[in-house]
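# A closer look at the structure
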Number of protein chains: 2
Amino acid sequence: MALKMFQAQIKLLRFLFLLIVIYGEVEHVYGVWPMPQQITQSTERYLLNPRVFALSYANDSMAQSGCSVLDVAFKRYFKLIFPDFAHGTGRDKSLRFEPFTLVVSVRTGGCEGYPDEGSNESYNLTVSARQAALRAESVWGALRGLESFSQLVYQDDSSAYFVNKTEIEDYPRFQFRGLLLDTSRHYLPVNSILSTLDAMAYSKFNVFHWHIVDDPSFPYQSSTYPDLSNKGAFHPMTHIYTQSDVRRVIAHARLRGIRVLPEFDSPGHTLSWGKGQPDFLTPCYKGDVPSGSFGPLNPTLSSSYQFMSDLFKEVTSVFHDSHVHLGGDEVDFTCWKSNPKVQAFMAKMGFGSDYTKLESYYMENILNITAALNKISIVWQDVFDYHEHIPKDTVLEIWRGTPAEIRAELGRITLAGHRVLLSAPWYLNHISYGQDWRNAYTVQPQNFSGTEQQKELVIGGEVCMWGEYVDATNLVSRLWPRACAAAERLWSNEKKTSSVERAFPRLKDFRCTLVRRGIQAEPLFFGHCKHEYSGL
Amino acid sequence: MALKMFQAQIKLLRFLFLLIVIYGEVEHVYGVWPMPQQITQSTERYLLNPRVFALSYANDSMAQSGCSVLDVAFKRYFKLIFPDFAHGTGRDKSLRFEPFTLVVSVRTGGCEGYPDEGSNESYNLTVSARQAALRAESVWGALRGLESFSQLVYQDDSSAYFVNKTEIEDYPRFQFRGLLLDTSRHYLPVNSILSTLDAMAYSKFNVFHWHIVDDPSFPYQSSTYPDLSNKGAFHPMTHIYTQSDVRRVIAHARLRGIRVLPEFDSPGHTLSWGKGQPDFLTPCYKGDVPSGSFGPLNPTLSSSYQFMSDLFKEVTSVFHDSHVHLGGDEVDFTCWKSNPKVQAFMAKMGFGSDYTKLESYYMENILNITAALNKISIVWQDVFDYHEHIPKDTVLEIWRGTPAEIRAELGRITLAGHRVLLSAPWYLNHISYGQDWRNAYTVQPQNFSGTEQQKELVIGGEVCMWGEYVDATNLVSRLWPRACAAAERLWSNEKKTSSVERAFPRLKDFRCTLVRRGIQAEPLFFGHCKHEYSGL
């Protein structure tokens, strides 16, 4: 049914065959995704047996037994390293097995803290006979090293576990490697979010951007304003995130070195807020009378600012991160323009008929509110495009445009001295037939005209999974392994990972690892995994 | 992030609101998907309680207790009608509930048979106080009626079950409503197939077209030629269908009124066959020497025909259906042309340099083999396009072309007196962003130039889910609810289901029904189901 495709398959197979010939010496060496900065592997391999395998703290480590982040990581990774053992079916008749210990050493403690923008995620890993040494500056780097070690272990046909002699020196290219979930257009059960965090950790993502509310629904259960979810959620009991749900998500993320960045987008994208907060939205007019429909938040009322201040006071205490996302995108002026009170406000403020000035005025106020709460704000690029005065530490996020437009925007924003995040090329909710991960892989975030200083203002990027057509039924297979392409671009050295063709067999392997770990990651192309997703 | 989209959403919401106003009288009447030929519903509704609800055989029914198909259907549908009861959480304190009985009457027996092309699937359903009467010619029609009844039952906010006074007279527009799964490009676990059969029955599909083998792998474990899967499957133990797996699939399908149509595609698409069957494939030549690669089946050897005859003898006894699919598509002549023995055979047969004659010769032989086994053959359209002499009862399946080309092909094939199946517009493995079910819905299978007699030769169509990018991880969410669009086109009256806009809210509801029944059907657009997919 697809001859040309099959011919392409054959071509690809020949290429893969060639690769096997070239790398024949190391055919049993398993890779790490995303690619470490430096990795040296040998064909010398060591047999591992779960019965005599241990994870332990080095004597010189600042973190020791009792370190919450690493104690549970040791348990978690033991199961990931020995998947059969976890299911009770592994080889455990340890006849000729030598003990093997993965010794972890952390230079600074901080076991009870939260990961943040300044977290050091670098690590060194040396795998040799009987022992592997994992050295990291912080527990967050140790987590990344544990993940890499877990990916180095493989099983032969008899299901015995092996790891090859390996040296890794590794650190992320970008500090901010995010993934956005939209829980407003469809509600995502907490379990879907937790399992997304698991998969994020496997790909070394470190920021969960929670686009928690939007026009269609308001699932966040606010303690200050409970009516927001009582009236604005799809259902006030079954389709909400309680305070304890949020705490569970943040705790689960923390243990995986993942920050949770909440977004409460305004002044647009707030229709669902209006249901539980009277006089919050702008009433639209048809001629001289209200039309019955509503537009963005009403920026002319002082009550709006009081409300936002109260809400953000709550939100910034519930969410630990130093950053908060304020949205600020796609503000439609039609309704504001129709409203006589907004018109009067415009005149009073001397804004003329330039509604971007009204939007500016609103955003400045909100940015002041979050600044007063000691939070750094992230906003969508619109805020930069239409406004003159925004605090220097505000981070801009690029979400739209052709590749050329994106490059130009990167130049403009960094020239103005702002830090910037790139998400436009990684809108993974957009799907197409075939291997579209290739597009996500070939993005070059720093390929724009600018000084070295400007390039350094690119602090990372985000995969976005908007919810128009996505809920818990298709979230996982749509995200994974496509998001892994962005993960490698954000973590690894661009020059060493410039070839999509070389990435393909590695990603195919990694996808099978994800499936083995229970992540319903879709296939890249025809073929099979040793352990398929069972469908149950 | 998607303003225009949101404006479209608002427009749509307004339209839906209008619909609710128009149909306000019947707002609690739940629909049936696919739309029955005749349905009259009233707002008069009856409270149902699982404790006092029964399914039973009418006195005048030819099928009575002991009828395998209906006995298990009664159990199955009881659980589908009362989903909470099945989970032990339903209301069961039956205070003021009146007993309700669904009485089933079947005019002909045939409880132990298999559904086939001549099966009568028509039924009448009358729901009134205390009783519903379901009358069908055959058990297969009774199954369709049970499905419709199950979709009429709904729960109010207090979880009580209701059904409205309803009259349905129903029968399928097309006799053949198929769904193709490809188990060669990726192996699908048996459970995935069984659950696909479940979902097919919910949409009244009645043919499972099992594209069981192809170039990448040969998972069918043949008793005659075990090396085909021993050497041609992805794995000879874990990635195969044993004889008992096949029997399980056929039995599961039968109980749902679904035929299982096996496809063993040749002479192309047979690379995996060559691994377990020496001298089966044509060796390709580079100049005077074999290149080491192989092409289609070798049609010049009598051993090829003997092998195919033996294989089809087995296959047609394992699979019960009166039809068998022989493939016959996409034969690449390059390899045949390169091979000196094939060239010599061409000369001997007087085929000149017209390799379509060689293909023709091969297909005629294969068609004779299956005819001798008393099976009717289905082949892809290529066989009609390139060959002159094919038996009149051969069914052609259209899989490619623009809409205009498809209409022309429909005209040509039916003018030649052949029955025809349409699958080209329903290649659901092809995906795109947004609501692409709308394209599948608006297909008009009989909209081509031809006589009424020609139109009647269109016996149905098929949804195809080719496996290049699909395995058990994404099969379900990619198939459902998109396949439902084709299901309604193939079952329902085209004039009564011509509006995509009117179908939208019905399909949204039906998708929630599928999710409630455990089918991981993806959402059509933002919104929610009362019972979401749990992600577990």
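Model, not experiment: these values are computed from the prediction.

Before going further, it helps to examine the relation of the copies chain A and chain B. When chain A is fitted to chain B, the best match, at an RMSD of 0.0 Å, comes from turning it 180 degrees and sliding it 0.0 Å along the axis. In symmetry terms, the pair is related by a two-fold rotation axis. It is Ser432 of chain A whose C-alpha, among those of chain A, lies nearest the rotation axis, at 2.4 Å. The share of interface residues of chain A whose copies in chain B are also at the interface is 100%, consistent with both copies meeting through the same surface.

Let us look at the interface of chain A and chain B. Chain A puts 58 residues into the contact, and the matching count from chain B is 58 residues. Across the interface of chain A and chain B, roughly 5100 Å² is buried in total on both sides, 60% from carbon and sulfur atoms. At the boundary of chain A and chain B, one finds four salt bridges. Salt-bridge contacts for Asp471 of chain B lead to Arg511 of chain A; the nearest nitrogen and oxygen are separated by 2.7 Å. The element best represented in the side of chain A that touches chain B is helix H1 (residues 3–22) of chain A, accounting for six residues.

Before going further, it helps to spend a moment on the environment of Met237 of chain B. Looking at where Met237 of chain B falls in the secondary structure, it is placed in the loop between helix H6 (227–232) and helix H7 (243–254). Along the sequence, Met237 of chain B and Gln221 of chain B sit 16 residues apart, while their C-alpha atoms lie 9.7 Å from each other.

All names here are of chain B. Enumeration over the complete set of coordinates arrives at 78 aromatic pairs over all chains. The side chain of Lys204 reaches across the aromatic face of Trp491, ending 5.6 Å from its centre. Positioned above the aromatic ring of Phe526 is the side chain of Lys508, whose terminal nitrogen or guanidinium carbon lies 5.8 Å from the ring centre.

Residues and elements named next belong to chain A. Tallied over the full model, the rule gives 46 salt bridges over all chains. As a salt-bridge pair, Arg173 and Glu494 come within 2.8 Å of each other at their nearest N and O atoms. With Arg173 in the loop between strand E7 (161–170) and strand E8 (176–182) and Glu494 in the loop between helix H17 (482–491) and helix H18 (500–516), the pair connects residues that are 321 residues apart, well separated along the chain. Sharing partners across several salt bridges, the network here consists of Asp182, Arg185, Asp214 and Glu468.

Attention shifts here to the state of the cysteines. Using the criterion set out here, one finds six disulfides over all chains in the structure. In this model, Cys67 of chain B is linked to Cys111 of chain B through a disulfide, with the two sulfur atoms separated by 2.0 Å. Because the torsion about its S-S bond is -100 degrees, the bridge between Cys67 of chain B and Cys111 of chain B counts as left-handed. On the criterion of sequence distance, the pair formed by Cys67 of chain B in the loop between strand E2 (53–57) and helix H2 (68–81) and Cys111 of chain B in the loop between strand E3 (100–106) and strand E4 (123–128) is long-range, its members being 44 residues apart. For the residue pair Cys67 of chain B and Cys111 of chain B, the accessibility class agrees, reading buried in each case. The disulfide partner of Cys284 of chain B is Cys335 of chain B, and the gap between their sulfur atoms is 2.1 Å. Its S-S torsion of approximately -110 degrees makes the covalent link between Cys284 of chain B and Cys335 of chain B left-handed. One end of the pair, Cys284 of chain B, is in strand E11 (residues 281–286); the other, Cys335 of chain B, is in helix H10 (residues 334–338), and 51 residues separate them in sequence. The pair Cys284 of chain B / Cys335 of chain B is uniform in exposure class, with both members buried. By sequence-ordered numbering of the bonded cysteines, chain A has its disulfides arranged as 1-2, 3-4, 5-6. Sulfur of Cys484 of chain A: no disulfide; nearest cysteine sulfur belongs to Cys512 of chain A and is 12 Å away.

Residue and element names in this part refer to chain A. Spatially, eight strands are ordered E8-E9-E10-E13-E14-E15-E16-E17 in a closed barrel, and the strand pairing comes out parallel. When the angles between neighbouring strand axes are averaged without regard to direction, this sheet yields 30 degrees. Sheet strands in contact with helix H5 (residues 190–202) are E8 and strand E9 (207–211), and its direction is about 150 degrees off that of E9.

So, about the side chain of Asp214 of chain A. Residue and element names in this part refer to chain A. Positionally, Asp214 belongs in the loop between E9 and helix H6 (227–232). Given a relative accessible area of 0%, Asp214 falls into the buried group. Within the local environment of Asp214, its side chain forms a polar contact with the side chain of Arg185, the two groups lying 3.4 Å apart. For Asp214, the residues in contact, after removing those within four places along its chain, are Ser184, Arg185, His269 and Ser272.

Moving on, we come to the confidence of the model for chain A. Residue and element names in this part refer to chain A. A residue-level look at chain A finds 92% of positions with pLDDT of 70 or above and a mean pLDDT of 93. Of the regions scoring below 50 in pLDDT, residues 1–6 engages in 20 contacts with residues more than four places distant in sequence or in other chains. Note that pLDDT drops below 50 for residues 13–28; the model gives that stretch 12 contacts with residues more than four away or on any other chain. In the predicted assembly, ipTM is 0.92 and pTM is 0.93.

A separate point is the packing of helix H5 (residues 190–202) of chain B against H7 of chain B. All names here are of chain B. Put simply, H5 and H7 touch, their axes get as near as 10 Å, and they point 10 degrees apart. It follows that H5 is roughly parallel to H7 by the angle criterion. The residues of H7 that touch H5, namely those facing Val190, Asn191, Ile193, Leu194, Leu197 and Asp198, are Asp245, Arg248, Val249, His252 and Ala253. In terms of residue class, the contact of H5 with H7 is built from six nonpolar, two polar and three charged.

Let us look at H18 of chain A. Residue and element names in this part refer to chain A. For H18, spanning 17 residues, the distance from its first C-alpha to its last is 24 Å, which sits close to the expected 24 Å at 1.5 Å a residue. Within H18, the full set of buried residues consists of Val500, Ala503, Phe504, Leu507, Phe510, Arg511, Leu514 and Val515. One or two residues past the end of H18 sits Gly518, with phi positive at roughly 90 degrees.

Analysis parameters
Sequence order as written defines residue numbering, which begins from 1 separately in each chain. Here every chain gets a letter starting at A, and every ligand a number starting at 1, in the order they are written. Two thresholds apply to this predicted model, a pLDDT of at least 70 for residue-level local features and 80 or more for giving and counting side-chain atom pairs, whereas whole-chain, interface and lining totals are computed over all residues. Side-chain metrics rest on all non-hydrogen atoms present in the structure, leaving aside hydrogens and water. The copies were overlaid with a least-squares fit restricted to C-alpha atoms from residues scoring a pLDDT of at least 70 in each copy. Here a residue-residue contact requires only that any non-hydrogen atoms of the pair lie within 4.5 Å. Reported buried area values correspond to the accessible surface (1.4 Å probe) lost by two parts on association, with both partners' losses combined. The salt bridge criterion pairs a side-chain nitrogen of Lys or Arg with a carboxyl oxygen of Asp or Glu, the two atoms within 4 Å. For helices the rule is a DSSP run of H or I covering at least 4 residues; for strands it is a run of E covering at least 2, with both sets numbered from the N terminus onward. Note on ring pairs: Phe, Tyr and Trp rings are taken, using the six-membered ring of Trp, and paired if centres are within 6.5 Å. Classes follow the plane angle, with under 30 degrees stacked, over 60 edge-to-face and the rest tilted. The criterion is that NZ of a Lys, or CZ of an Arg, lies within 6 Å of the ring centre and within 35 degrees of the ring normal, and then a charge sits over that ring. Only a pair of cysteine sulfur atoms within 2.5 Å counts as a disulfide in this structure description. Burial here depends on accessible area, computed with a 1.4 Å probe over protein chains only, as a share of the maximum for the residue type. Under 20% is buried, over 50% is exposed, and the range in between is partly exposed. When DSSP finds two or more bridges between a pair of strands, those strands are recorded as paired. Convention adopted: a line fitted to C-alpha atoms gives each axis, helices being fitted over their contacting stretch, and angles between N-to-C directions are expressed from 0 to 180 degrees. In protein, a polar contact requires one atom able to donate a hydrogen and another able to accept it; more generally it is a pair of N or O atoms within 3.5 Å, and residues adjacent in sequence count only if both atoms are side-chain atoms. Confidence scores per residue from the predictor, reported as pLDDT, run from 0 to 100. An angle below 35 degrees is read as roughly parallel, one above 145 as roughly antiparallel, one from 65 to 115 as roughly perpendicular, and any other as oblique. Note on residue classes: Ala, Val, Leu, Ile, Met, Phe, Trp, Tyr, Cys and Pro are nonpolar, Asp, Glu, Lys and Arg are charged, and everything else, Gly too, is polar. Here, expected helix span is obtained from the residue count minus one, scaled by 1.5 Å.

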